[in-house]
Amino acid sequence: MMIYFAESFKKLRLKKGLTQEQAADLFGVSPQAVSRWECGTTTPDISLLPTIADYFDITIEELLGTEKSRREERIRAYEDKFHAAITHGQITDCIEIARAGVKEFPNSYVLLNKLMYALFVAGSDDADIPDWKENMEKYKFEIIELGEKILSGCTDDEIRIEAKSRLGFHYCEIGEREKGRKILETLPSDAFCRERNICHALNGEELLQHICHQTAQFTYDLVWNIWRYAKRASCPAREQLAFMNTMEQIVRLIYDDGDLGCWYYLLPRLYLIGKAPLLIELGDYDMAIGLVETSADYLEQYEKLPDISYYQSQLLKQAVHKKYIDTADSRSQAQILYEDHLTESSYDAIREAERFKKAVQRIYELAQRH
């Protein structure tokens, strides 16, 4: 409060064009007292606050920053509720929370950005949102309006870049690819991003923690770039399978066995969406069933992980694994894999195999826990 008053008083004094001596005369104190106020070492006597506030035509709460503090506290409360909802895929709740926040604080770019994000995610086709197509159409123009409002007034670089990225992506999603591209081309290049460059300002344990975190992130990005290529390059099944084997090899080079963290649920996605169907197509039923069994093992292991843990693998020590992440899907990974992928016709060739049935039953039981 003392620091806020010091900054606030000085800004107000300068705005009025007053010297410290003139301000001292106005409020009946010494110039040294005004100097101490602005240095943050003291504040005025409480009986003087109404006089100062009245002169500058503001409230005492505004003068002391208590109003700003309450505002920030309320906005943080909305953020916390939003975060709790998004980690469980409760998109409708997210929209309601963000709308309530924006109604109370219409000029909060933090909350405007949250609302833009929630509306965008509501149109996602890869989650358990049955009316995603309707949402995409319903919120199409509101997302654009929110993005443009943020870009026109927000001075927080992180919020601006996030909104710009989402707005560009949104234009691409609704078929206006050229508009989207023009916006996306204005984003900072990877070479100048914070994550790549902040290491120059770090040292000791903080630097090691940053390197470990970046190693985990770069591994994820590399692996899923290979996935995108394999899926879009129209490769024959055997080549796709080779790409996916490379993906797994990269993960196992970085992560020690028994310390897979997020890959306890990401590898089952690779296996059940990618590798197993390809193996079935190539007639290697036994290996495909083995991947379903391993997927059940890994999903069970993932369930046992604490909400927050540290990796022990040599290249990842000090990197943090958070179990709950933002998601558009209210289902667990086991539910998604069981409901959306193991029911696919690509598994029909092995559906009656006993080992397959047992592995699928284990995944089903995990799905039923949520």
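Up top you'll find the structure we're talking about.
None of these values were measured; they are calculated from a predicted model.

The rules behind each value
- Throughout, residues of each chain are indexed from 1 in the direction in which the sequence is written.
- Only residues with pLDDT of at least 70 get local features here, since the model is predicted, and only at 80 or more are side-chain atom pairs given and counted; chain-wide, interface and lining totals rely on the full set of residues.
- Working from all heavy atoms in the structure, the side-chain values ignore hydrogens and water.
- In DSSP terms, a helix is any run of H or I states spanning at least four residues, a strand is any run of E spanning at least two, and both are numbered starting from the N terminus.
- Radius of gyration here uses only the C-alpha atoms, and the compact-globule reference equals 2.2 Å multiplied by the residue count raised to the power 0.38.
- For the exposure calls, accessible area comes from a 1.4 Å probe over protein chains only, and a residue counts as buried if that area is under 20% of its type's maximum, exposed if over 50%, partly exposed in between.
- Residue burial considers only the protein chains on display, and all accessible areas are found by Shrake-Rupley using a 1.4 Å probe.
- For this count, His and the chain ends are skipped, Lys and Arg are scored as positive, and Asp and Glu as negative.
- Charge positions come from single atoms, namely NZ of Lys, CZ of Arg, CG of Asp or CD of Glu.
- Note on definitions: salt bridges are taken to be side-chain nitrogens of Lys or Arg within 4 Å of carboxyl oxygens of Asp or Glu.
- Both site types are read off a 1 Å grid over the protein atoms alone. A 1.4 Å probe that fits but cannot get out defines a cavity, while an open set with protein on both sides within 12 Å along at least five of seven lines defines a pocket; lining residues have an atom within 4 Å of a point.
- Grid points are joined across faces, edges and corners, and a volume is the space filled by probe spheres set on the points.
- Put simply, two rings from Phe, Tyr or Trp (the six-membered ring, in Trp's case) pair if the centres are within 6.5 Å, and we call them stacked under 30 degrees between planes, edge-to-face over 60, tilted for the rest.
- Expected span of a helix: the number of residues minus one, times 1.5 Å.
- Polar contact is the term for a pair of N or O atoms within 3.5 Å; when the atoms are in protein, one must be able to donate a hydrogen and the other to accept it, and sequence-neighboring residues count only if both atoms are side-chain atoms.
- Whether two residues are in contact is decided by their heavy atoms: any pair within 4.5 Å suffices.
- As used here, the term nonpolar core means buried Ala, Val, Leu, Ile, Met, Phe, Trp, Tyr and Cys residues forming a set that is joined through side-chain atoms within 4.5 Å.
- In this description, the arc belongs to the directions extending from the helix axis to the C-beta atoms.
- For every element, the axis is a line fit to its C-alpha atoms; helices are fit only across the contacting stretch, and the angle between N-to-C directions ranges from 0 to 180 degrees.
- Angle categories: roughly parallel below 35 degrees, roughly antiparallel above 145, roughly perpendicular from 65 to 115, and oblique for all the rest.
- Left-handed describes a crossing whose near helix is turned anticlockwise from the far helix through less than a right angle; right-handed describes the clockwise counterpart.
- Any residue outside Ala, Val, Leu, Ile, Met, Phe, Trp, Tyr, Cys, Pro, Asp, Glu, Lys and Arg is labelled polar, Gly included; the first ten of those are nonpolar and the last four are charged.

(A) Seen up close, the overall build of the chain. Helix and strand counts for the chain come out as 19 helices and two strands. Here the C-alpha radius of gyration of the chain, 27 Å, is well above what a compact globule of 370 residues would show, namely 21 Å. Its C-alpha atoms put the chain at 90 × 50 × 40 Å along the principal axes. Counting every position in the chain, which comprises 370 residues, the buried fraction comes to 41%. Element-wise, carbon and sulfur atoms account for 51% of the exposed surface of the chain, whose accessible area totals about 21100 Å². With 46 positive and 61 negative side-chain charges, the chain shows a separation of 2 Å between the mean positions of the two kinds.

(B) Highlighting the pattern of salt bridges. Going through the model one piece at a time under the given rule, you end up with 22 salt bridges. For the salt bridge of Lys-179 with Glu-176, the shortest nitrogen-to-oxygen distance reads 3.2 Å. Lys-179 sits in the partly exposed class, given a relative accessible area of 45%. Judged by relative accessible area, which is 30%, Glu-176 ranks as partly exposed.

(C) The environment of Gln-217, seen in detail. Along the chain, Gln-217 turns up in helix H14 (residues 204–232). Classification of Gln-217 as partly exposed rests on a relative accessible area of 33%.

(D) Up close: the layout of surface pockets. The space that makes up the second largest pocket amounts to roughly 210 Å³. Around the second largest pocket, the lining comprises 14 residues; the ones closest to its centre are Ile-91, Thr-92, Ile-129, Asp-131 and Asn-135. The element that contributes the greatest number of residues to the lining of the second largest pocket is helix H7 (residues 91–104), accounting for three residues.

(E) Highlighting the packing of aromatic side chains. Tallying each qualifying case throughout the model produces 22 aromatic pairs. Their ring planes at 10 degrees and their centres at 6.3 Å tell us that Trp-224 and Trp-263 sit as a pair that is stacked. Within this pair, whereas Trp-224 is found in helix H14, its partner Trp-263 is found in helix H16 (residues 263–281), the two being separated by 39 residues in sequence. Each member of the pair Trp-224 and Trp-263 is classed as buried. Where Tyr-338 meets Tyr-364, the ring centres are 5.2 Å apart and the plane angle is 55 degrees; that geometry is what we call tilted.

(F) Structural view of helix H17 (residues 285–304). Between its terminal C-alpha atoms H17 stretches 30 Å, which fits the 28 Å expected from 20 residues at 1.5 Å a residue. If you check which residues of H17 are buried, you get Ala-288, Ile-289, Leu-291, Val-292, Ser-295, Ala-296, Tyr-298, Leu-299 and Tyr-302.

(G) Here's a closer look at the side chain of Lys-140. You can see Lys-140 is positioned in helix H10 (residues 140–153). Its relative accessible area of 17% is what places Lys-140 among the buried residues. Side chain to side chain, Lys-140 and Glu-137 meet in a polar contact 3.3 Å long. Those residues in contact with Lys-140, other than ones at most four positions away along the chain, are Asn-135, His-170 and Ile-174.

(H) Quick peek at the nonpolar core. By size, the foremost hydrophobic cluster in this structure holds 51 residues, and its most contacted members are Tyr-255, Trp-263, Val-292 and Tyr-347. Taken together, the elements giving at least two residues each to this core come down to H14, helix H15 (237–254), H16, H17, helix H18 (333–341) and helix H19 (354–368). Top element by residues in this core is H16. It accounts for twelve residues. Not counting residues within four places of it along the chain, the set of residues in contact with Tyr-255 comprises Ala-216, Thr-219, Leu-260, Trp-263, Tyr-311, Ser-313 and Leu-316. Among the nonpolar cores identified, the runner-up in size contains 36 residues, and Ile-75, Phe-82, Val-102 and Leu-112 belong to it.

(I) Looking closely at the side chain of Ser-309. Along the chain, the position of Ser-309 falls in strand S1 (residues 308–310). Given a relative accessible area of 17%, Ser-309 falls into the buried group. Excluding anything up to four places from it in sequence, Ser-309 contacts Ala-319, Val-320 and His-321.

(J) Here's a closer look at H10. For H10, with 14 residues, the first-to-last C-alpha span of 21 Å sits near the 20 Å given by 1.5 Å per residue. Looking only at H10, the buried set comprises Lys-140, Ile-143, Ile-144, Leu-146, Gly-147 and Ile-150. End-on view of H10: buried residues confined to an arc of 165 degrees, all on one side of the axis. Seen from the buried face of H10, the exposed residues on the opposite side, beyond 90 degrees, are Phe-141, Glu-145 and Ser-152.

(K) Inspection of unusual backbone geometry at higher detail. Backbone geometry at Ser-234 places phi at a positive 55 degrees, although glycine is not the residue there. Note that Ser-234 resides in the loop between H14 and H15. Residue class for Ser-234 comes out exposed when judged on its relative accessible area of 70%. At Gln-318, a residue that is not glycine, the phi angle is positive and equals roughly 85 degrees. With respect to the element layout, Gln-318 can be found in the loop between S1 and strand S2 (320–322).

(L) Summary view of the packing of H10 against helix H11 (residues 157–173). The geometry of H10 relative to H11 is characterised by a closest axis approach of 9 Å and an angle of 150 degrees between their N-to-C directions. In terms of axis orientation, H10 runs roughly antiparallel to H11. For H10 against H11, the interelement crossing comes out left-handed. On the side of H10, the interface is formed by Lys-140, Ile-143, Ile-144, Gly-147, Glu-148, Ile-150, Leu-151 and Ser-152, while H11 contributes Ile-159, Arg-160, Ala-163, Lys-164, Leu-167, His-170 and Tyr-171. In terms of residue class, the contact of H10 with H11 is built from eight nonpolar, three polar and four charged.

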